[in-house]
Structure formats: structure tokens, C-alpha cells
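As a plain string of letters, each chain reads:
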Amino acid sequence: MIATAVLLCGCSDSRDINKDNPINRELITIGFSQVGAESDWRLAASESVQNAFTPENGFNLIFDNAQQKQENQIKAVREFIDQNVDYIMIDPITEIGWDTTLEEAKEAAIPVIIVDRRVAVKDDSLYTAWIGSDFEEEGEKACAWLKAFLDAKGIKGRVNIVDIQGTIDSSAQIGRTKALEAAAKRYYNWNIIGKDTGEFTKAKGREVMEKMLKTYGDAIDVVYCENDNEAFGAIEAIENTGRHVGENIENGDILLISFDATRAGLTLTLNGNIAVNAECNPDYGPKLVEMVNTLENGGTVPHDQFIEEEIFSAKEEIKSIYAGGERSDVTLLTQEFIDGRKY
Ligand code: GYE
């Protein structure tokens, strides 16, 4: 017994709390705090990270699922600090509430990389780097598409929009909502008649859509779903009331806009159930590995880094109108494209 205890103390860091599964210190240890498992996008992002940080690639990954609760994330990060991991990675549920935890990581001299969503901290040097999407730009692209679509149809009258928001205070929600609100200010005939959070899930998306349909009935023309899973739920709710999801809004269709462009989301876009889908790229794993390897070799990485994204529609006529307007980057969908897609 005594011999074992001495041996354990001698070969492992005294801060290891994970005694049942001691950390192999020959590998680079990453503590990753994930938001949850709320959406197809999220599952793809988790898979990407788990496939990248493998022992074969030189890593030991401690992966924590916070189940959409910031208190769980903070607890996980504190555990990573106690375990003296080499890097802490956080996909923060909300932007606010991170100063103290990041200060603790800084005191422990553990570099923090923020992934996907952002943190709003007083001192940006509390994290080494952030890599993620420009959520506001995703929203702007979707709104530019809607504008071109309405112009092409010659629709000048009142357009009633419902916003099924993402998790409130998450970067993805903040940026996407902001873009829609800015567009509704710019275009006098756009009216946001209702907004509520669908928590980025199918179940909540359906629930919110049901509520909106009860409150606003036939008045709804457009539903701006802040992710694909909410769109899946909204489609079910709309179809259950006998209304049709599509682009014939002059004749009672409800037009759906979505974000993420996951495979299931793009399939619905190709079928015409979702009119336009703004991509959000979940494939972080390889990029994060590259960043860590650069830092390990004494290099530097950009403090803030956006990833490239596209916007998809199945409508040929919109492509040409859109191309002449504010943007020219809408990609027309094909089945081959969807089949070849990783997520
Ligand atoms: O759009 C949604 C997920 O933070 C970009 O979170 C991510 C968002 C994504 O649950 O599907």
C-alpha cells in the first residue's frame, strides 16, 4: 500500500484529481468544455474535436458536456485547472460570466482557447485565442437573400416575421438576432411580430412555433429559425396546422430561413422546405490541433479568427438576382453536394 502510494506520488502530478484514470503526461492534455448535445451542429462539433484530439495524434482529451448550463461549464473548467491540463478549451454557452473563471486559469498559467461562441470579458488577454463564426454576417447573408427574394417577387407589402431565437446570450443568438433586427429597421415593410427562444433544439423550436401559430395565426409569412433543429420542429408545428412550408408566401405558405446547413438541414433546403440556409462550420477539431501544435512549437496564433462559410439555396432565379445585388455568394444546392458533405 505504502509503496504504491509513494509510487503514485512520485510519477504523477500532485494536482491530478482524476486518480482512477491517471493522465498520461507524455501526451498533451486538453480539457474541452462543450455546450451540450442540443443540435445536429453540436454533435458534429463534438465529433470533430473527439476525432482530432486522439492519443495517436499526441493528445489526451478530457471532454465535458455541460448540458447547456453555464454552472456546469464553470465547474468543468475548475476541474481542468485542478487536473493541471495543458490547454483549456471552452465553447461558452453564453458570452457573459467568464471573467473570474478565466482569471483562475490565467493564475494557473494554463492557456485558454475559446471555440465557436465568444466570451465578453473585460480583459481579452484572459484567453490565448478564439476561433469561430461571424454570426452577424451569417444573419446578414440570410437577410440579404430574403430581400432579394421579396424584390424578385415584387412583394412590397407588409411581411410578418417570427424569430425563433437560439439560446439567449449565446454569440450565435446575439449575432443572428442582431442582423434580423437591423434588416427589419432598414426595410420598412419587414415586421418582427414575435420572438422567443427555441434553445437551439427541435422540441423547443416546435413548442415556440405552436405558440406563435396560436397567437398570430395566418399573419405569419416568414420564420427565421436560428438553427436547423429549431427549423425541424417549426416545420412539424406548421404542417400540423395544415399550413404549408414553402416560398409561395402570397398564397399562404410560410417561408423558413435557417442556420447551420447541416446535412439534414440542407436536405430540407433542397426539397424547398427551408428557403435559405446559412452555413455554420462545426469542423473545429483539425483547426484546434493545428493551433496547439503551433503554440507547442513556440509559434503564435491569431488572437481572433473567423472561419469561412457559405449560404445555400435551391433556387436558380434567386442566384442571378442575388448576384446583382448586395452579395454574390449564394451557393445552389445539389444532391451530390449534400451527399459529399461531412456533416
Ligand atoms: O448554430 C446551433 C448550436 O454555437 C454555432 O449552437 C453554434 C450554435 C449552432 O446548438 O445549432
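Everything below is about the structure printed above this text.
Overview of the structure.

Reading the values: the criteria
Per chain, the residues get numbers from 1 upward, laid out in the order the sequence is written. Only residues with pLDDT of at least 70 get local features here, since the model is predicted, and only at 80 or more are side-chain atom pairs given and counted; chain-wide, interface and lining totals rely on the full set of residues. Only hydrogens and water are set aside when side-chain values are computed; all heavy atoms of the structure are taken into account. Only DSSP runs of H or I covering at least 4 residues are called helices, and only runs of E covering at least 2 are called strands; the numbering of each starts at the N terminus. By the convention used here, residues are in contact when the closest approach between their heavy atoms is within 4.5 Å. Computed with a 1.4 Å probe, the accessible areas rest on the Shrake-Rupley method; for each residue, only the protein chains presented here act as cover. Burial status follows relative accessibility: with a 1.4 Å probe on protein chains alone, a residue under 20% of its type maximum counts as buried, one over 50% as exposed, and anything between as partly exposed. When DSSP finds two or more bridges between two strands, those strands count as paired. All axes are obtained by fitting lines to C-alpha atoms, using only the stretch in contact for helices, and the reported angles, taken between N-to-C directions, cover 0 to 180 degrees. Oblique is the label for every angle not falling under 35 degrees (roughly parallel), over 145 degrees (roughly antiparallel), or within 65 to 115 degrees (roughly perpendicular). The hand of a helix crossing depends on one turn: near helix anticlockwise from the far one by less than a right angle means left-handed, and clockwise means right-handed. Pairing of aromatic rings covers Phe, Tyr and Trp, the last counted by its six-membered ring, and requires centre-to-centre distances within 6.5 Å; plane angles under 30 degrees mean stacked, over 60 mean edge-to-face, and any other angle means tilted. Whether a charge sits over a ring comes down to the Lys NZ or Arg CZ being within 6 Å of the ring centre and within 35 degrees of the ring normal. N or O atoms closer than or at 3.5 Å make up a polar contact, with two conditions inside protein: a donor-capable atom paired with an acceptor-capable one, and, for residues adjacent in sequence, both atoms drawn from side chains. In these notes, residues near a molecule or strand are those with any non-hydrogen atom within 4 Å of it. For each domain, the first and last residues come from an automatic or database assignment.

We now examine the overall build of the protein chain. A count of helices and strands for the protein chain gives 12 helices and 13 strands. Expressed as a percentage of contacts within the protein chain between residues at least 6 apart in sequence, the contacts between residues at least 24 apart total 71%. With the model as given, the accessible surface of the protein chain reaches about 15,100 Å², and the carbon-plus-sulfur share is 49%.

This part is about the pairing of strand β5 (residues 129-132). Covered by surrounding structure in β5 are Ala129 and Ile131 together with Trp130 and Gly132, the residues of both alternating faces. In terms of strand pairing, strand β4 (residues 112-115) meets β5 through three bridges, oriented parallel. Residue Ile113 lies in a different strand from β5, and its bridge partner there is Ala129.

Our focus in this paragraph is the sheet that holds strand β6 (residues 159-165). With respect to topology, seven strands assemble into an open sheet ordered β7-β6-β8-β9-β10-β12-β13, the strand pairing being mixed. The open sheet has two edge strands, β7 (190-197) and β13 (330-332), and neither has a second partner. Averaged over all pairs of adjacent strands, the angle between their axes in this sheet comes to 20°, without regard to strand direction. Sheet topology note: the strand β8 (residues 222-225)/strand β9 (residues 255-260) ladder contains three bridges and is parallel.

Viewed as axis vectors pointing N to C, helix α7 (residues 202-216) and helix α8 (residues 228-240) meet at an angle of 40°, and their least axial separation amounts to 7 Å. The orientation of α7 relative to α8 falls into the category oblique. For the pair α7 and α8, the crossing hand works out as right-handed. Every residue of α8 that contacts α7 at Lys202, Gly205, Arg206, Met209, Glu210 and Leu213 is listed here: Asn229, Glu230, Phe232, Gly233, Ala234, Glu236, Ala237 and Ile238.

For the rest of this paragraph, the subject is the packing of aromatic side chains. Inspection of the entire model under this criterion finds eight aromatic pairs. Ring plane angle 10° and centroid distance 5.7 Å describe the contact between Phe32 and Phe63, whose orientation is recorded as stacked. Of the two residues, Phe32 is situated in strand β1 (residues 28-34) and Phe63 in strand β2 (residues 59-65); the sequence distance between them amounts to 31 residues. The exposure class of Phe63 is partly exposed, given its relative accessible area of 26%. On the numbers, 5.3 Å between centres and 85° between planes, the contact of Trp130 with Phe306 is edge-to-face. One end of the pair, Trp130, is in strand β5; the other, Phe306, is in strand β11 (residues 304-306), with 176 residues separating them in the sequence. Judged by its relative accessible area of 1%, Trp130 is buried. It is Lys147 that lies over the ring of Tyr187; its NZ or CZ is 4.9 Å from the centre.

Among the secondary structure elements, Asn229 is positioned in helix α8. At a separation of 3.0 Å, a polar atom in the side chain of Asn229 contacts the main-chain amide nitrogen of Asp40. For Asn229, the contacting residues outside a window of four places in its chain are Ser39, Asp40, Phe200, Thr201 and Lys202.

Lining the immediate surroundings of the ligand are 13 residues, of which Glu38, Asp116, Arg117, Asn227 and Asp260 lie closest. In the model, an oxygen atom of the ligand is placed 3.0 Å from a nitrogen or oxygen of the Arg42 side chain. Taking Arg117, its side chain carries an N or O atom lying 2.8 Å from an oxygen atom of the ligand. Mapped by element, the contributors of at least two residues to the shell around the ligand are α2 (40-52) and α6 (171-186). Two domains each put at least three residues into the shell around the ligand: domain 1 (2-127) and domain 2 (135-281 + 310-339).

Don't take any of this as a statement about function, it's just geometry.
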